Every structure is written in C-alpha cells, then in structure tokens.
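Architecture at a glance
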Amino acid sequence: MSDWTRACAVADLPSGLCKVVDVEGVAMLVVNVDGGFHCIEDVCTHDGGELAGGALCGFEIECPRHGARFDVRTGAALCPPAYQPTAVFPIKIEDGQVWVRDDRWD
Ligand code: FES
C-alpha cells in the first residue's frame, strides 16, 4: 500500500481554496469545500491542463484552459470538452494535518 504524504495543515487551507501537492511526481489538488477536504489529480482529461488556478464553485472546479468542469468529490467530468473523469485520491485528517496518498497502484 502506498504511503500517506502530508499535504498541509488544515488551518493553512481555508474553505474555497486549493493547494497543489506533489506526491512522488503526481500533482494532486487538495480542495477545501466548506470544511470538507477532497483530493483530485491536477490534470484535466480534455488536454492535460492543470486544474489549479481554475474557479472553484461549490464542489465544481473549472479548468482554466477551455472551461471543462470536474466534481472534486468524484473526479467526474461535468461538461465538455472533458468527457473522462480525473483521478481522485484518499484523504485523511489527523492531528490538524491533511494527508493524501496515491492508491492507484495498491
Ligand atoms: S485542457 Fe482543460 S478544458 Fe481543455
């Protein structure tokens, strides 16, 4: 099983903000929506754009390149030009810290 990587302190990521974390070469986007933390791959499935820097509206993040939107809870693509989901990753909160890991190869 892959190891957990510390992403940030809970206190350092207020609601409505995102943070990119490099986990062994994988760019993960940690998102706080109303105190709930979610983690998706920082890759748009339309053309590989970074989702970081895109507008976050509720549970939806918009790719800044061509406007595809993804659900940060499930990674689902919500509108064209993206049709495939982006990856989502396990996340946990312990002792005021946010932890993530890449479970795709477990
Ligand atoms: S790269 Fe994200 S919508 Fe095109």
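Everything here concerns the structure above.
Fair warning: this is a prediction, and the values are worked out from it, not measured in the lab.

This paragraph deals with the overall build of the protein. Across its full length, the protein holds 0 helices and 9 strands. Sequence-ordered secondary structure for the protein, helices as α and strands as β, is β-β-β-β-β-β-β-β-β. Against the compact-globule benchmark of 13 Å for 106 residues, the protein has a radius of gyration of 13 Å, which places it among compact chains. Over its C-alpha atoms, taken along the principal directions, the protein stretches across nearly 40 × 30 × 20 Å. Relative to its full complement of 106 residues, the protein shows a buried share of 28%. Pairs at least 24 residues apart make up 41% of the contacts formed inside the protein by residues separated by at least 6 positions.

What follows deals with the nonpolar core. Grouped together as the largest cluster of nonpolar side chains are 22 residues, with contacts concentrated most on L29, V30, C39, F70 and V100. At the level of elements, β3 (26-33), β4 (36-41) and β9 (97-100) are the ones that each hand at least two residues to this core. Per-element accounting of this core gives the leading share, 4 residues, to β3. Each residue touching L29, except ones within four places of it in the same chain, is listed here: C18, V20, C39, I40, D42, L51 and A52.

Here we take up unusual backbone geometry. For the bond from P80 to P81, the omega torsion is 10°, close enough to zero to count as cis. One can find P81 in the loop between β7 (69-71) and β8 (91-94). Despite not being glycine, E24 shows a phi value in the positive range, around 50°. With respect to the element layout, E24 can be found in the loop between β2 (18-23) and β3. Its identity as a non-glycine residue notwithstanding, D95 has a phi of 50°, on the positive side. Locating D95 in the fold gives a position in the loop between β8 and β9.

Structurally, G58 can be placed in the loop between β5 (56-57) and β6 (60-62). For G58, a count of 10 C-beta atoms within 10 Å gives the class exposed. C-alpha of G58 to C-alpha of L78: the two residues are 20 residues apart in sequence and 13 Å apart in space.

A word on the sheet that holds β9. Hydrogen bonds along the backbone pair up the strands of a sheet, which may run parallel or antiparallel. Pairing is antiparallel in the open sheet, where 3 strands are placed in the order β1-β9-β8. With partners counted over all chains shown, the strands left at the sheet margins are β1 (5-9) and β8, one partner each. Here the strands of the sheet are splayed against their neighbours by 30° on average, with no regard to which way each runs. The pairing of β1 with β9 spans 4 bridges and is classified as antiparallel. For R6, the partnering residue across the bridge sits in β9 and is W99.

Turning next to the pairing of β8. Where β8 meets β9, 4 bridges bridge the pair, whose relative direction is antiparallel. Looking across to β9, one finds that I93 is bridged to V98. Linking two consecutive strands that pair antiparallel, namely β8 and β9, is a turn of 2 residues; a positive phi of about 50° is found at D95 within it.

What counts as what
Throughout, residues of each chain are indexed from 1 in the direction in which the sequence is written. Given that this is a predicted model, residues contribute local features only at a pLDDT of at least 70 and side-chain atom pairs are listed and counted only at 80 or more, while totals for whole chains, interfaces and linings are drawn from all residues. Runs of H or I in DSSP of at least four residues are treated as helices and runs of E of at least two as strands, each being numbered from the N terminus. For the radius of gyration, the atom set is restricted to C-alpha positions; the globular benchmark scales as 2.2 Å times the number of residues to the power 0.38. Exposed residues have 12 or fewer other C-beta atoms within 10 Å of their own C-beta, buried residues have 20 or more, and partly exposed residues fall in between, where C-beta atoms are placed from the backbone. We call two residues in contact when their backbone-placed C-beta atoms lie within 7 Å. We call a set of buried Ala, Val, Leu, Ile, Met, Phe, Trp, Tyr and Cys residues a nonpolar core when their C-beta atoms link them within 7 Å. What makes two strands pair is DSSP finding at least two bridges between them. Note on geometry: axes are C-alpha line fits, over the in-contact stretch for helices, and angles between N-to-C directions span 0 to 180 degrees.

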